[in-house]
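# Observations on chain architecture
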Amino acid sequence: MTNICIRSAREEDAPALAAIYAPYVRDTAITFEYVAPTPGEFAARMRNTMAFYPYVVAESNGKIVGYAYASTFKGRPAYDWAVETSIYVAQGHAGEGIGRALHDELERALKAQGILNMYACIAVPDGPDDETLTRNSEQFHAHLGYRLVGEFYRCGYKSGRWYNMVWMEKMIGEHRADQPPVVSFPSLVED
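As the structure is a prediction and not an experimental result, all values here were calculated from the model.

## Some remarks on the layout of surface pockets
- Here the largest pocket is characterised by a volume of approximately 1200 Å³.
- For the largest pocket, the lining is made up of 46 residues, of which Tyr24, Ile30, Ile87, Tyr88 and Ser137 are closest to its centre.
- Sorting the residues of the lining of the largest pocket by element identifies α1 (14-27), α2 (39-50), β3 (63-72), β4 (82-89), α3 (98-113), β5 (117-125) and α4 (136-143) as the ones contributing at least two each.
- If you tally residues by element for the lining of the largest pocket, the top one is β4, at six residues.
- Among the residues making up the lining of the largest pocket, the classes are represented as 21 nonpolar, 18 polar and seven charged.

Right under this line is the structure:
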């Protein structure tokens, strides 16, 4: 494991984060986007997320090498205690513990907010692994304590191939009849 520092993302990180994300869009089926967002578009996405949820980056030797964030699971109030999570590690840095460190910090922040369920929506091959997509992310999430809750078959089309999508879930809090409301991440940081 390299020397990793995890911190909250800042809007000025957008160009570095967009650069990490672009190869995933361009060269893989890990994301189903076809066109990588510009740094400006990426900054707008970050602002939207950071208005309520945690968004963290990993630095190694002063360079950003990964990021993770949570987002709305569904746009209905009854889902407020659930989030969808995303983690991206810079190409060439797999296996260095960055993804785990990002996830652990994200989970800690979500627990502080009162979030109870973490979901990961993961693209997987429809059959054997190929050069653009494997089941590594599914295995990574299983190692972190997620369980498979569903698979959608041939629901994503990219680069002339059909891909599946799995949903994985991790419960991180107590579900109560008198559940307190979730608080925004920015309000926790300000306190």
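So, next bit.
## Things to note about the side chain of Asn164
- Tracing the backbone shows Asn164 in strand β7 (residues 161-171).
- Among the polar contacts made by the side chain of Asn164, one reaches the side chain of Glu151 at a distance of 3.0 Å.
- Those residues in contact with Asn164 that sit more than four places away from it in its chain are Phe32, Ile122, Ala123, Val124, Pro125, Asp126, Arg135, Glu151, Phe152, Tyr153, Arg154 and Cys155.

## Overview of the pattern of salt bridges
- Within the structure shown, the criterion is met by 17 salt bridges.
- We note a salt bridge from Glu12 to Arg10, for which the minimum N-O separation is 3.3 Å.
- The exposed category is assigned to Glu12, whose relative accessible area is 59%.
- For Glu107, the salt bridge is made with Lys111, and the minimal N-O distance between the two is 3.4 Å. Taken together, the residues Glu107 and Lys111, both in helix α3 and four residues apart, mark about one turn of the helix.

Conventions adopted
- Residues numbered from 1 in each chain as written.
- Predicted model: local features only at pLDDT ≥ 70, side-chain atom pairs only at ≥ 80, totals over all residues.
- Heavy atoms only, no water.
- 1 Å grid on protein atoms, 1.4 Å probe; cavity = no way out; pocket = protein on both sides within 12 Å on 5 of 7 lines; lining within 4 Å.
- Points joined across faces, edges and corners; volume = space filled by probe spheres on them.
- Helix = DSSP H or I, 4+ residues; strand = E, 2+ residues; numbered from the N terminus.
- Nonpolar A, V, L, I, M, F, W, Y, C, P; charged D, E, K, R; others polar.
- Polar contact = N/O pair within 3.5 Å; in protein donor to acceptor, adjacent residues only side chain to side chain.
- Contact = heavy atoms within 4.5 Å.
- Salt bridge = Lys/Arg side-chain N within 4 Å of Asp/Glu carboxyl O.
- Buried < 20%, exposed > 50% of the residue type's maximum accessible area, 1.4 Å probe, protein only.

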